[in-house]
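Below, each chain spelled out in residue letters.
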Amino acid sequence: MEFREERITITHTADEYDRYLNAVVPPVFLNSLHVYDRFEDYREAASNPCREGSYVYGRDGNPTVHMLERKIAELEHGARAVAFASGMGAAAAAIMATCQSGSHVICMRDVYQPVKRFLNNFCVPRFGMTVTYVSGNDLDEMETAIKKPGSSLVILESPATFVFRVVDLTEIAKLAHRYGVKTYVDNTCLTPLFQKPLDMGIDISMHTISKYIGGHSDLIGGVLVSKDEELMCSIITTVREWYASILGPMEAWLAIRGLRTLPVRIMEHQRTGMAVAEWLTRHPKVKRVHYTGLASHPQADLIRKQQKGHTSLMSVELDADPDAAVAFINRLRLFEKGCSWGGYESLALVPLYAAKEEEIAFLKAERGLIRLYCGLEGTENLVDDLESAFRGM
Ligand SMILES: *Cc1c(COP(=O)(O)O)cnc(C)c1O
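For clarity, every value in this text was computed on a predicted model and none was experimentally measured.

With respect to unusual backbone geometry
Move 1: Along the chain, Ser158 connects to Pro159 via a cis peptide bond; the corresponding omega equals -5°.
Move 2: Topologically, Pro159 is positioned in the loop between β4 (151-157) and α7 (169-178).
Move 3: One non-glycine residue, Phe3, lies in the positive phi region at around 60°.
Move 4: By the element assignment, Phe3 lies in the segment before α1 (4-12).
Move 5: For Asn22, which is not a glycine, the phi torsion comes out positive at approximately 60°.
Move 6: Here Asn22 is to be found in the loop between α1 and α2 (39-46).
Move 7: For Asn22, a relative accessible area of 59% translates into the label exposed.

What follows is the structure in structure tokens.
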């Protein structure tokens, strides 16, 4: 049975029926503060903002948010999780909590683009930080970068969602720790079910709750998890309290509801993703398919070592120029044109359409690369949709 331990966490951890009048679904705590009979008790609670079960003000902590955090921490084998109002809020919080003015950051070239924009257009000009971009697949290149004075953080994403390149999390964590540098990985794509970066020595794992965890395209949120409880507590009492912003209670409740069905949704996504990717590799008009589940993936051995499965995100290169790729996705009826992914609805984009030449060169991909997200409409329906778009070529 897949996800034996995780299914118990998802269905039971932190639900605590007896605390909430035996309600099978815990309530949404839509309160901005918690009150006390005695000033001394209030002061006691306020002096321990990171203590579990200690609530004073909604910007520091909220019981519904904390239920979600407890489930995510357990799923990732972390000590503590901290939830934010967005995935970008979580990413920025991790950078702000581990870096200072003048810090040097080592970042993978194909991480989520807004993280690079935050580094390049904010951290560098405002805080005098420096960034070295690396492939993540060359440990010598990584070591040269890590050795720089002031190196504080390595930023990774595996797989990264253009050509689904993976990086060796265990080896990079070992190398970074040798130089006292912290490591961060965006684990959104695989969910806590298919990859546990903290068990591979990574310091901070991040998820956008807006994607597979929420699962219904109805919320924005993010979360950081670590085995380092002290680091997470410092994030709660500084970065999150002052500006990175806590997840809203209603969003936390929706995220818990989404999480309940994650194991069954993710298995369906994996089945559909595999079937669609394999069908595409056999299609005469397809040049290349990038999907971690294919035996032909150039990093298949590493993928087998660190991933427990594959989701339903992939990219495909057709024998077509960028405008023909756009015309192709415009002929798709079930795959809507939109960013994001992880919900029930299938999506298609041409993400490199306006990318810089150097980025295209690094990815060794066509400008007309199509990213496909397979939702829950069913494999046969999605294949039919793709087939009719191919017929129009
Ligand atoms: C969407 C996404 C983010 C950002 O999350 P938001 O909740 O939209 O801020 C970060 N990383 C990855 C891989 C994403 O897909």
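Now that the structure is up, let's keep going.
Quick word on the sheet that holds strand β5 (residues 182-186)
Strands pair in a sheet through their backbones, by hydrogen bonds, and they do so in one of two ways: parallel or antiparallel.
Move 1: In space, the seven strands of this open sheet follow the order β1-β7-β6-β5-β4-β2-β3, with mixed pairing throughout. For this open sheet the edge positions go to β1 (80-84) and β3 (130-134), each flanked by a neighbour on one side alone. Adjacent strand axes in the sheet meet at a mean angle of 20° when their direction is disregarded.
Move 2: Along the sheet, helix α5 (residues 113-127) makes contact with β2 (104-108), β3 and β4, crossing β3 at roughly 155°.
Move 3: Its contacts with the sheet put helix α9 (residues 229-244) on β1, β5, β6 (204-208) and β7 (222-226), and the angle it makes with β1 is roughly 15°.

Overview of the state of the cysteines
Chemically, a disulfide is nothing more than a covalent bond linking the sulfur atoms of two cysteines.
Move 1: Overall, the coordinates contain one disulfide when judged by the stated rule.
Move 2: The structure places no disulfide on Cys107, whose sulfur is separated from the nearest cysteine sulfur, that of Cys123, by 10 Å.

Some remarks on the packing of helix α4 (residues 87-98) against α9
Move 1: Between α4 and α9, the shortest axis-to-axis distance is 10 Å and the interhelical angle comes to 125°. Our classification of the angle between α4 and α9 gives oblique. Both α4 and α9 take part in a crossing whose hand is right-handed. Across the interface between the two elements, Gly89, Ala93, Met96 and Ala97 from α4 touch Ile235, Val239, Tyr243 and Ala244 from α9.
Move 2: Looking at the contact of α4 with α9, its residues break down into seven nonpolar, one polar and no charged.

Here's the deal with the site of the ligand
Move 1: Around the ligand, a shell composed of 13 residues is seen, among which Gly87, Met88, Asp186, Ser210 and Lys211 lie nearest.
Move 2: The separation between an oxygen atom of the ligand and a polar side-chain atom of Thr208 is 3.1 Å.
Move 3: In the model, an oxygen atom of the ligand is placed 2.5 Å from a nitrogen or oxygen of the Lys211 side chain.
Move 4: When the ligand is considered free in solution it has 380 Å² of accessible area, and contact with the protein chains removes 91% of it.
Move 5: Broken down by secondary-structure element, the contributors of at least two residues to the shell around the ligand are α4 and β6.

Here we look at the pairing of β6
Move 1: With five of its five residues buried, β6 lies for the most part within the structure.
Move 2: By the alternation rule, side chains of β6 split into Ile204, Met206 and Thr208 and Ser205 and His207, which are all buried.
Move 3: Direction of pairing for β5 relative to β6: parallel, over a ladder of three bridges. Paired with Tyr184 across the two strands is Ile204, which belongs to β6.
Move 4: Direction of pairing for β6 relative to β7: antiparallel, over a ladder of five bridges. The partner of Thr208 across the bridge, within β7, is Gly222.

A word on the pattern of salt bridges
Where side chains of opposite charge bring their charged atoms close, a pairing between them can arise.
Move 1: Applying the stated criterion across every chain, the model contains 24 salt bridges.
Move 2: Residue Arg391 is joined to Glu387 by a salt bridge in which the shortest nitrogen-to-oxygen separation is 4.0 Å. Here Arg391 pairs with Glu387, and both are found in helix α15 (residues 379-391), just four residues apart, close to one helical turn.
Move 3: Taking relative accessible area as the criterion, Glu387 reaches 24% and is therefore assigned partly exposed.
Move 4: Each of Asp15, Lys71 and Arg260 takes part in a single network of salt bridges with overlapping partners.

Considering the side chain of Lys71
Move 1: Topologically, Lys71 is positioned in helix α3 (residues 63-75).
Move 2: Lys71 gets classed as buried once you look at its relative accessible area, which sits at 0%.
Move 3: Apart from the residues lying within four places of it in its own chain, the contact partners of Lys71 are Thr9, Ile10, Thr11, His12, Thr13, Asp15, Ile256, Leu259 and Arg260.

What counts, and at which threshold
- Residues numbered from 1 in each chain as written.
- Predicted model: local features only at pLDDT ≥ 70, side-chain atom pairs only at ≥ 80, totals over all residues.
- Heavy atoms only, no water.
- Helix = DSSP H or I, 4+ residues; strand = E, 2+ residues; numbered from the N terminus.
- Buried < 20%, exposed > 50% of the residue type's maximum accessible area, 1.4 Å probe, protein only.
- Pairing = 2+ DSSP bridges.
- Axes fitted to C-alpha atoms, helices over the stretch in contact; angles between N-to-C directions.
- Contact = heavy atoms within 4.5 Å.
- Disulfide = S-S within 2.5 Å.
- Parallel < 35°, antiparallel > 145°, perpendicular 65-115°, else oblique.
- Left-handed = near helix turned anticlockwise from the far one by under 90°.
- Nonpolar A, V, L, I, M, F, W, Y, C, P; charged D, E, K, R; others polar.
- Near = heavy atom within 4 Å.
- Polar contact = N/O pair within 3.5 Å; in protein donor to acceptor, adjacent residues only side chain to side chain.
- Areas by Shrake-Rupley, 256 points an atom, 1.4 Å probe, with all protein chains shown as cover.
- Salt bridge = Lys/Arg side-chain N within 4 Å of Asp/Glu carboxyl O.

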